[in-house]
Amino acid sequence: MIMSHDAPKSWTPMVLFTPGSYLKTRRTAQLLTLQDVAARIPTIPRDAEHDLIAWLERIEADLVPASITTIDALHSAYRFDRSVLAALAAIARGERDPIHTPRICRICACTWRQPCTYDRQACAWVEGQDLCTACETAPANSEAA
Ligand SMILES: [Zn+2]
Ligand SMILES: [Zn+2]
């Protein structure tokens, strides 16, 4: 693994997330079950009519890649950063150097463009860690409603 100490602040050389685990962590950080997400998706993609929940599980397990249509549907159900997802997908396909992995909070998967809020403030990075200040101060990682 390449370790760099002078990488820009918003990037990390560590690959902790895959596209599926990123989506799953964003979902659970927003306290949503797969059933909640399925209920929020307005149109069911054609290849998943038989079992929407099982299809979501397969995406989160990286067994199937999320198509643009899928990403649109998921994005209407909960918050995640499309550019982060696209970067992780490109790394998973070997099309992007893992050194360009977006910096993602290891607990809640928030990113600089999509910080969580606590005490009406946006979170920040805990120095030297892939951890945000909201998760540092709230180990239960619940996002305030
Ligand atoms: Zn966090
Ligand atoms: Zn955060």
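Residues numbered from 1 in each chain as written. Chains lettered and ligands numbered in written order. Predicted model: local features only at pLDDT ≥ 70, side-chain atom pairs only at ≥ 80, totals over all residues.

Novice: I'd like to hear about the environment of Ser83, residue by residue, with values.
Specialist: Within the secondary structure, Ser83 is located in helix α5 (residues 82–92). Among the residues examined, Ser83 registers 11 C-beta atoms within 10 Å and is labelled exposed. Along the primary structure Ser83 and Arg113 are separated by 30 residues, whereas in three dimensions their C-alpha atoms are 9.5 Å apart. (Helix = DSSP H or I, 4+ residues; strand = E, 2+ residues; numbered from the N terminus. Buried ≥ 20, exposed ≤ 12 C-beta atoms within 10 Å, placed from the backbone.)

Novice: Talk me through unusual backbone geometry; I want residue IDs and the actual numbers.
Specialist: If you check the backbone angles, Asp62 has positive phi at about 60° while not being a glycine. Counting through the fold element by element, Asp62 comes out in the loop between α3 (52–60) and α4 (68–75).

Novice: So what's going on with the nonpolar core? Which residues, and what values?
Specialist: In this structure, Tyr22, Leu88, Cys105, Cys108, Ala109, Cys110 and Cys132 are the most contacted members of the largest nonpolar core, which totals 28 residues. Taken together, the elements giving at least two residues each to this core come down to α1 (19–29), α3, α4, α5 and α6 (133–137). If you tally residues by element for this core, the top one is α5, at five residues. In contact with Tyr22, not counting residues within four places along its chain, are Phe17, Phe80, Val84, Leu85, Leu88, Ile104 and Ala109. (Core = buried A, V, L, I, M, F, W, Y, C linked by C-beta atoms within 7 Å. Contact = placed C-beta atoms within 7 Å.)

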